[in-house]
Amino acid sequence: ADCTPESTHWISEMMSGFSNEKTELVLGFSPYFNHHGWLSNMISYDTLVTGMQYLTMARHGHAYMGVGRNMAYRKQTFFDHNGFQGLLNERAGDDDLFVNKITTRSNTAVVCSKDSLTWSAPKRTWREWVQQKRRHLSVSSHYNLGNKLRIGVEPLMRGLMYGMIIVCIVHGGLYAFIALILWALRLAAQLIAVNICAKRWGMQGFGLNIILHDIFLPLMTLYILLTKQFYKQKIYW
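Presented here is an overview of the structure given in this document. (Residues numbered from 1 in each chain as written. Predicted model: local features only at pLDDT ≥ 70, side-chain atom pairs only at ≥ 80, totals over all residues. Heavy atoms only, no water.)

### Some details on the overall build of the protein
Which entries qualify depends on this criterion: Here a strand is any run of E in DSSP of at least two residues, a helix any run of H or I of at least four, and the numbering for each starts at the N terminus. A simple rule labels every residue: compare its accessible area, found with a 1.4 Å probe on the protein chains alone, to the largest value its type can have, and call it buried under 20%, exposed over 50%, or partly exposed in between. Pairs of residues are marked as contacts when any of their non-hydrogen atoms sit within 4.5 Å. Accessibility throughout is a Shrake-Rupley quantity obtained with a 1.4 Å probe, and a residue counts as covered only by protein chains that appear here.
A count of helices and strands for the protein gives 9 helices and 3 strands. Secondary structure elements of the protein, listed N to C terminal, follow the sequence α-β-α-β-α-α-β-α-α-α-α-α. Buried positions account for 40% of the 237 residues belonging to the protein. Summarising the internal contacts of the protein: among those between residues at least 6 apart in sequence, 77% fall at separations of at least 24. For the protein, the exposed surface amounts to about 14,100 Å²; the carbon and sulfur share of it is 63%.

### A closer look at helix α5 (residues 126–137)
Rule in force here: To estimate the expected span of a helix, subtract one from its residue number and multiply by 1.5 Å.
In this model, α5 (12 residues) spans 16 Å end to end at C-alpha, consistent with the 16 Å of a helix rising 1.5 Å per residue. What α5 keeps buried is the set W129, V130, Q132, K133, R134 and R135.

### Some details on the packing of aromatic side chains
The way to describe two aromatic rings as a pair is by their centre distance and the angle between their planes. Applied cut-off: When the centres of two rings from Phe, Tyr and Trp lie within 6.5 Å, Trp using its six-membered ring, the rings pair. Their planes under 30 degrees apart give stacked, over 60 give edge-to-face, and anything left gives tilted.
Counted by the stated rule, this structure contains 11 aromatic pairs. Centre to centre, the rings of F33 and W119 are 5.4 Å apart; their planes meet at 25°, and the pair counts as stacked. In this pair, F33 is assigned in the loop between β1 (25–27) and α2 (38–59) and W119 in the loop between β3 (108–110) and α5, connecting sequence segments 86 residues apart. Judged by centre distance (5.8 Å) and plane angle (80°), the rings of W126 and F216 are edge-to-face. Pair noted here: W126 is in helix α5 and F216 is in helix α8 (residues 209–226), with a separation of 90 residues, a long-range link. The structure contains a cluster of three or more aromatic residues connected by ring pairs, namely W38, W126, W129 and F216.

### Notes on the state of the cysteines
Note on terminology: disulfide describes a covalent bond linking the sulfur atoms of two cysteines. Counted only if it meets this: Here, the term disulfide refers to a pair of cysteine sulfur atoms separated by no more than 2.5 Å.
As enumerated under the stated definition, the model contains 0 disulfides in all. Here C112 is not disulfide-linked; the sulfur of C197 is the nearest cysteine sulfur, at 7.5 Å.

### Some details on the environment of Y73
Checked against the element boundaries, Y73 lands in strand β2 (residues 71–73). It is 8.6 Å that separates the C-alpha atoms of Y73 and T23, two residues lying 50 residues apart in sequence. Setting aside residues no more than four positions away along its own chain, Y73 makes contact with F18, E24, L25, F78, F84, F98 and I102.

### With respect to the sheet that holds β1
As a reminder, the rule being used: Two strands form a pair only when DSSP identifies at least two bridges running between them. All axes are obtained by fitting lines to C-alpha atoms, using only the stretch in contact for helices, and the reported angles, taken between N-to-C directions, cover 0 to 180 degrees.
Taken together, 3 strands build an open sheet; the order of strands is β2-β1-β3 and the sheet is mixed. Either end of the sheet is taken by a strand with one partner, and the two such strands are β2 and β3. Each neighbouring strand pair of the sheet contributes to a mean axis angle of 15°, computed without reference to strand direction. Relative to β3, β1 is paired through 3 bridges, and the arrangement is parallel.

### With respect to the nonpolar core
Our working rule: Put simply, buried Ala, Val, Leu, Ile, Met, Phe, Trp, Tyr and Cys residues joined by side-chain atoms within 4.5 Å make one nonpolar core.
Grouped together as the largest cluster of nonpolar side chains are 41 residues, with contacts concentrated most on L27, F29, L48, W129, W201 and F206. The element that contributes the greatest number of residues to this core is α2, accounting for 10 residues. Other than its neighbours up to four places away in sequence, L48 contacts F29, V194, C197, A198, W201, M203 and F206. Formed by 6 residues, the second largest nonpolar core is a distinct cluster that contains M14, A72, A109 and V111.

### Remarks on the environment of T23
Structurally, the position occupied by T23 is in the loop between α1 (5–15) and β1. Residue classification places T23 among the buried residues on the basis of a relative accessible area of 5%. Along the chain, T23 and T103 lie 80 residues apart, while their C-alpha atoms are 9.7 Å from each other. Those residues in contact with T23 that sit more than four places away from it in its chain are G17, F18, R74, N107 and A109.

### Section: helix α7 (residues 173–200)
In a regular helix each residue adds 1.5 Å, so 28 residues correspond to 40 Å; α7 covers 41 Å between its end C-alpha atoms and thus fits that length. Burial in α7 covers these residues: A176, A179, L187, Q190, L191, V194, C197 and A198. At its buried positions, α7 is contacted by α2, α6 (145–171) and α8. Immediately downstream of α7, the backbone of G202 shows phi near 75°, a positive value.

In structure tokens:
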């Protein structure tokens with residue numbers, strides 16, 4: 001076992017989530033190192049925003065996913081739910097589906113202090129990253145309806161927002177001015193929230209790259225979902 005001071009701090013932080021005897025599952029966050037280049041910056045941003053979403057949902061009693069490299073659960077809970085039985089045929093996402101399987105509104109805790117983080121190296125090529133995204137999205141169809149609706153609201157509203165901005169700019173005049181003001185306010189709030197969270201977790205800031213990531217990532221997700229039938233048999237670890 002790894003007994004370095006860093007691992008000892010991590011174990012201590014994650015175990016603190018079991019302070020309530022009703023807690024059976026503890027979710028943490030696992031960021032990526034931000035190497036040089038736009039791809040690495042985008043992967044780090046995507047991971048951060050995803051983490052902010054699923055940890056916030058878990059805090060409000062609606063956990064829907066977890067990252068296998070930073071989550072903990074009681075051994076008895078694992079056996080009570082027959083472990084990963086029923087998930088063994090999935091090529092990816094067993095951690096997400098296991099969370100869906102065992103979580104309740106009262107048995108899940110969140111630990112996201114700086115010492116609780118586990119860091120990983122991001123994919124270094126576009127092909128590897130797209131393949132990773134395909135794996136992650138391949139299990140989304142197994143989420144229950146409530147979770148599908150919750151996690152689908154944000155990208156849907158974002159798409160509608162950009163669509164309305166385009167329509168308003170085409171109309172011009174006051175409509176374009178109002179649309180740009182509202183977009184600027186949303187962007188300002190996003191820049192503040194994301195960069196503050198990144199700094200708190202020791203990640204590199206994203207600056208105005210958030211604008212490009214905010215537009216590109218939903219389009220990439222939509223592309224992967226629309227073409228998933230062509231790659232269904234090619235999703236490998």
